[in-house]
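These are the residues of each chain, in order.
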Amino acid sequence: MTCAWMNGVTVQLPRSATRIAVAALLPVLWIALFGGGQASADWINLTSAEKLPSIAEITVREDRVHLVLQLSEDSLDMMDELLSDDMRRERGIEPEPIEQRMERFARDKFQIIADGADALTATWRFSEPRARKDRSSPVNGVVHPLTRQKAPEPPDNSRVLHAEIDYFFEQRPNTLTFIPPLDDNGRAAIDMGFIVFQKGVPVIDFRKLTGPATLMINWEDPWYSAFENPSLTRHHRWPIMSFIYVEPREVRHEVMLRLQDLQDWAGVNIDGNARITEDGRSRILEAASRFFEDKNPVIIDGAPAEPATVSSDFLDLTLAGVQVIDDDRTLDPATAVLGVTLSYPVGQMPEEVTTIWQLFSDRIETVPVTSIDPVGPFPSEFGVTYPSHTWTNRLLRYEEPGVATVPVTDQRAMKLPLLTIVLAVFALNAAAFALKASKWARFMGFAAALIFATGAVATTDRFIATLPNPFSNLPGENEAQNAVRSVFENANAAFYEIKDKEFDAELSKFVAGGLAQIVSIELERANRIELPGGMTARVGDIRDVKITEIRPLDAGRGFSALAQWSAEAVGQHWGYLHLRDLDLQARVEMIEDDRVWRLAGLTDLTIEIRE
């Protein structure tokens, strides 16, 4: 499938949509810049702040701020108040009462200011040496193409000082300002990454704490808490988000929302004081699917569309991306997030898709929406006064995925010029007659032989019959390799079909009759890859096909070979682009049927996801 820029959406873009566009496009730009080669990329934090030598994890609670510090060896001299008495003696520092040390720490080292005026006091909980928490990132050491700066590697020294401190307050403040140790210029004196949570909701992704940072707190709903600095945000900053995926055989509408909003809209009865069990989750997911089945109408090429399937999952918004919660953990209803997926099958890439958003409230007057097609994404938003969003097909060059038969090449057959053979036989017969005939008959015989011979020479490229070559038991390596590659490319195109009838029809073009049901099981494994977190990626970009151990099949005209190939798996769900490079290997059986190569077997399939 090929396509080219441009495409877009016809929709009014309010001023706030510009901010949405920038935030949504950053991950895609990163994938475009780094996604080639052996990349294994989900959405990732471009700052790599989680790799800084020191880390602060801050949790805002109802009566306190809980601070967890992981301090590198280099920063201990600056924050020696957190060292135990024994560690202080080892460093030649005289012990002093912890109360005095923490007073100095809260005043000069790590300050937390409530409502811009009141410095909170610090209460030491404990500190101890620990191994650094692993926060792996696929961009370690990569050079950013714009800044030319190298993304930091994890620090070499894996040991840190783990310290936990509480800052209590009597009344809930409207703002909290976090101030790390500062130098004479008012900048952070140590390299420190930080992240802030409120009621289990990450207010930001990992960022570098470069100086004072003020958090504006919404105590009723932590999704609306935010830092004054607009660069301190999280990827999924909105409590509800909409994604329209336009693909060759499917339009998919994915919605992320909080359980709290579903409860307001659908009237789902949830005990806010009790955690949600696995049975309770099933009940809620069924209610979510029923509710969204007839909400937010989708119009495809001018005709209202009905979803073929509606599914729901609880989601975990991790620092590495969105993951489906498929274990038996209990969930906090205050922070639970759902993902709802509605699938609309289409026969080909549509020309226009319009979605009408119906779910607003006093708190939710705008909803960000991103339409994603082969060259997308295109961010926008729904609003109370502009609830309609339209994606318009502006793909300049686009080729629908399709399956083609895999013909046997000329080298695998005998080509016979039938008319030439017939005329040559006539010429020989005429010549034999002339040798035995009388004078005038001999002349006529040789003349006829000459005419037939001339005709035979003139028709060597006409009336050609192609017949199996009885002397060729195996194809050449190039033909076998091309046949196998074509079959895998056909399989990739066939798996775009989401209707069973169309899928079976495409499969029959390159799979031997009667074997489709058996072969399709392994083909599906090779074309739909389950990613961590419940995501599914589609395999494409078949490359580096190698064929070894070619041998004839015991029955029929065909061959068996060991095939090795590479491919790229691409999955897009809930605004994230997942890329995985794969190495695959399988035993492949091919048979020749009516001058066409067909897949007869696929066994011993192994798939390795490159990390």
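These lines cover the structure that appears in this document, whether it is placed above or below. Bear in mind that the values here come from a model prediction, so they are computed numbers and not experimental data.

## Considering the overall build of the protein chain
A count of helices and strands for the protein chain gives ten helices and 32 strands. Counting the 611 residues in the protein chain, one finds 50% classified as buried. Pairs at least 24 apart in sequence give 70% of the contacts found in the protein chain among residues at least 6 apart. Looking at the protein chain as shown, the accessible area adds up to about 30000 Å², and 52% of this sits on carbon and sulfur atoms.

## Examining the nonpolar core
Residues L69, F110 and Y167 are the most contacted members of the largest nonpolar core, which totals 45 residues. Looking at this core, the elements with two or more residues in it are β2 (54-60), β3 (64-71), α3 (98-109), β4 (111-114), β7 (159-168), β8 (175-179), β9 (192-198) and β12 (213-216). When neighbours within four sequence positions are excluded, F110 is seen to be in contact with A56, I58, L67, L69, M79, F105, Y167, F178, I179, P180, M192 and L209. V255, L338, L342 and W391 belong to the second largest nonpolar core, which has 42 residues in total.

## Topic: the sheet that holds β12
As a general point, the strands of a sheet are linked pairwise by backbone hydrogen bonds and lie either parallel or antiparallel. With respect to topology, five strands assemble into an open sheet ordered β5-β4-β8-β12-β13, the strand pairing being antiparallel. Edge strands, defined here as strands with exactly one partner in the open sheet, are β5 (118-119) and β13 (226-227). When β12 meets β13, the two strands line up antiparallel, connected through two bridges. When the bridges of β13 are listed, M216 appears paired with A226.

## Some remarks on the packing of aromatic side chains
Scanning the entire structure with this criterion turns up eight aromatic pairs. Ring centres 6.1 Å apart and planes at 65° place the aromatic pair F169 and W219 in the edge-to-face group. One end of the pair, F169, is in the loop between β7 and β8; the other, W219, is in the loop between β12 and β13, with 50 residues separating them in the sequence. The burial state of F169 is the same as that of W219; both residues are buried.

## A word on the pairing of strand β31 (residues 576-593)
With 13 of its 18 residues buried, β31 lies for the most part within the structure. Bridge count between strand β30 (residues 558-573) and β31: 16 bridges; the pairing is antiparallel. Bridge pairing links Q572 to L577 in β31. Hairpin geometry of β30 and β31 is characterised by an intervening segment of two residues between the two adjacent antiparallel strands and by a positive phi of about 50° at W574. Of the strand pairs in this sheet, β31 and strand β32 (residues 596-609) are connected by eleven bridges, and their pairing is antiparallel. Among the inter-strand pairings, M590 is bridged to a residue of β32, identified as L599. The turn linking β31 back onto β32 is made up of two residues, and D594 within it adopts a positive phi angle of 55°.

## Concerning unusual backbone geometry
At N296, a residue that is not glycine, the phi angle is positive and equals roughly 55°. Tracing the backbone shows N296 in the loop between α5 (278-293) and β16 (298-300). When its relative accessible area of 2% is taken as the criterion, N296 is described as buried. Positive phi, close to 50°, is recorded for D301, a residue that is not glycine.

## Some remarks on the pattern of salt bridges
What the rule picks out here adds up to 39 salt bridges. The salt bridge involving E73 is made with R91; its shortest N-O contact spans 2.8 Å. Pair noted here: E73 is in the loop between β3 and α2 (85-90) and R91 is in the loop between α2 and α3, with a separation of 18 residues, a long-range link. For R91, a relative accessible area of 31% translates into the label partly exposed. Between D581 and R543 there is a salt bridge, with the nearest N and O atoms lying 3.4 Å from each other. Taken as a pair, D581 in strand β31 and R543 in strand β29 (residues 535-552) lie far apart in primary sequence, 38 residues in all. Relative accessible area serves as the criterion here: at 0%, D581 is assigned to the buried category. Take R543: its relative accessible area is 22%, and that puts it in the partly exposed class.

Cut-offs used in this document
- Residues numbered from 1 in each chain as written.
- Predicted model: local features only at pLDDT ≥ 70, side-chain atom pairs only at ≥ 80, totals over all residues.
- Heavy atoms only, no water.
- Helix = DSSP H or I, 4+ residues; strand = E, 2+ residues; numbered from the N terminus.
- Buried < 20%, exposed > 50% of the residue type's maximum accessible area, 1.4 Å probe, protein only.
- Contact = heavy atoms within 4.5 Å.
- Areas by Shrake-Rupley, 256 points an atom, 1.4 Å probe, with all protein chains shown as cover.
- Core = buried A, V, L, I, M, F, W, Y, C linked by side-chain atoms within 4.5 Å.
- Pairing = 2+ DSSP bridges.
- Phe/Tyr/Trp six-rings, centres within 6.5 Å; stacked < 30°, edge-to-face > 60°.
- Salt bridge = Lys/Arg side-chain N within 4 Å of Asp/Glu carboxyl O.

Purely geometric stuff here, so don't read any function into it on its own.
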